[in-house]
Amino acid sequence: QAERLLMGARVLLTAGPTREPLDPVRYLGNRSSGRMGYALASALVNLGAQVVLVTGPTVSPLPRVSKVIQVETALEMHRAVMNEVGECAIFVATAAVADYRPMEIATHKIKKDAAELTLHLIRNPDILADVAALKAPPFTVGFAAETENLEQHARAKLTAKKLNMIAANQVGGERGGFEHDENALTVFWRDGQCGLPMMSKTQLARELADLIAEHYRGHHAT
Ligand code: C5P
């Protein structure tokens with residue numbers, strides 16, 4: 001049996017997309033399947049962690065974790081995370097949170113009378129940044145999907161959001177990312193980095209969970 005590096009540690013993890021309603025029948029969403037987040041949740045459970053999962057709507061089978069909170073919007077995800085985070089030693093943000101939401105939700109179905117329609121959107125809170133800015137933040141791990149200058153953008157986010165680690169992947173290529181079974185990541189922390197080459201999301205999740213556990217423990221030893 002592998003070493004249970006996270007025995008008893010409580011981990012809060014967000015996964016999946018958010019849905020931002022426009023009217024009673026429509027929403028703004030994204031292509032996140034939740035699979036990478038769910039695989040990571042399972043891998044963390046296998047290291048002995050008690051995982052609380054806050055997830056947007058997906059069709060992927062839910063992982064076996066201590067607690068699942070299902071949400072739809074970024075605001076609901078933000079609220080759920082803020083309610084749970086006080087009890088948690090590690091926060092992992094894998095969710096693809098909508099950056100903006102419609103300013104108003106129409107009470108009735110929007111009609112197609114006009115030739116053009118303008119939507120007014122308003123910024124959603126950044127859940128990960130808000131957690132990392134807490135007075136006594138947990139060990140925080142973020143994700144970054146980039147189409148160019150991976151290292152530069154990921155390191156900028158690590159610093160700007162005051163994270164302990166960031167897992168970055170190159171999107172827009174032929175392999176990996178949303179709606180694929182495999183992915184590759186480069187993980188950055190303040191004074192180092194580690195490349196995890198293209199592999200199944202399950203295997204990748206195991207290797208990432210090991211890295212998180214190792215750095216979390218190192219962080220607490222100092
Ligand atoms: O800045 P960017 O959206 O690229 O950062 C991505 C990271 O931040 C991911 O870990 C994502 O889960 C998290 N995030 C968040 N709340 C938002 C936007 C992003 O937690 N509103």
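Residues numbered from 1 in each chain as written. Predicted model: local features only at pLDDT ≥ 70, side-chain atom pairs only at ≥ 80, totals over all residues. Heavy atoms only, no water.

Remarks on the UniProt feature "binding site: CTP" (unreviewed entry) in the chain
Next, step 1: UniProt feature "binding site: CTP" (unreviewed entry): in the numbering of this structure it lies at D99, K109, P125, D126, I127, L128, F143, K157 and K161. For the annotated residues, spread through 63 residues, the largest C-alpha to C-alpha distance comes to 38.2 Å, inconsistent with a single compact locus.
Next, step 2: Position of K109 among the secondary structure elements: in the loop between β7 (100-102) and β8 (121-123).
Next, step 3: K109 has contacts with D23, P24, V25 and R26, leaving out every residue within four places of it along the chain. (UniProt positions renumbered as here; feature names shortened; annotations may be inferred. Helix = DSSP H or I, 4+ residues; strand = E, 2+ residues; numbered from the N terminus. Contact = heavy atoms within 4.5 Å.)

Considerations on the pattern of salt bridges
Next, step 1: Inspection of every chain in the model, using the stated rule, returns 7 salt bridges.
Next, step 2: A salt bridge links D23 to R26; the shortest N-O distance between them is 2.5 Å. (Salt bridge = Lys/Arg side-chain N within 4 Å of Asp/Glu carboxyl O.)

Quick look at the packing of aromatic side chains
Next, step 1: Within this structure, the stated rule accounts for 1 aromatic pair.
Next, step 2: Measuring from centroid to centroid gives 5.9 Å for F139 and Y216, while their planes differ by 75°, and the two rings are edge-to-face. In this pair, F139 sits in strand β9 (residues 139-146) while Y216 sits in helix α5 (residues 201-221), placing the two residues 77 residues apart along the sequence. When sorted by exposure, F139 lands in the same class as Y216, which is buried. (Phe/Tyr/Trp six-rings, centres within 6.5 Å; stacked < 30°, edge-to-face > 60°. Buried < 20%, exposed > 50% of the residue type's maximum accessible area, 1.4 Å probe, protein only.)

Focus: the sheet that holds strand β4 (residues 50-55)
Whenever strands of a sheet pair, they do so through backbone hydrogen bonds, lying parallel or antiparallel.
Next, step 1: With respect to topology, 8 strands assemble into an open sheet ordered β5-β4-β1-β6-β9-β10-β11-β12, the strand pairing being mixed. Where the open sheet ends on each side, the last strands, each with one partner, are β5 (67-70) and β12 (192-200). Pairwise comparison of adjacent strand axes, ignoring direction, gives a mean angle of 15° for this sheet.
Next, step 2: Along the sheet, helix α1 (residues 35-46) contacts β1 (10-15), β4, β6 (90-93), β9 and β11 (182-189); its crossing angle with β1, the most-contacted strand, is approximately 170°.
Next, step 3: Where helix α4 (residues 150-160) meets the sheet, its contacts fall on β9, β10 (165-170), β11 and β12, and the angle it forms with β10 comes to roughly 150°. (Pairing = 2+ DSSP bridges. Axes fitted to C-alpha atoms, helices over the stretch in contact; angles between N-to-C directions.)

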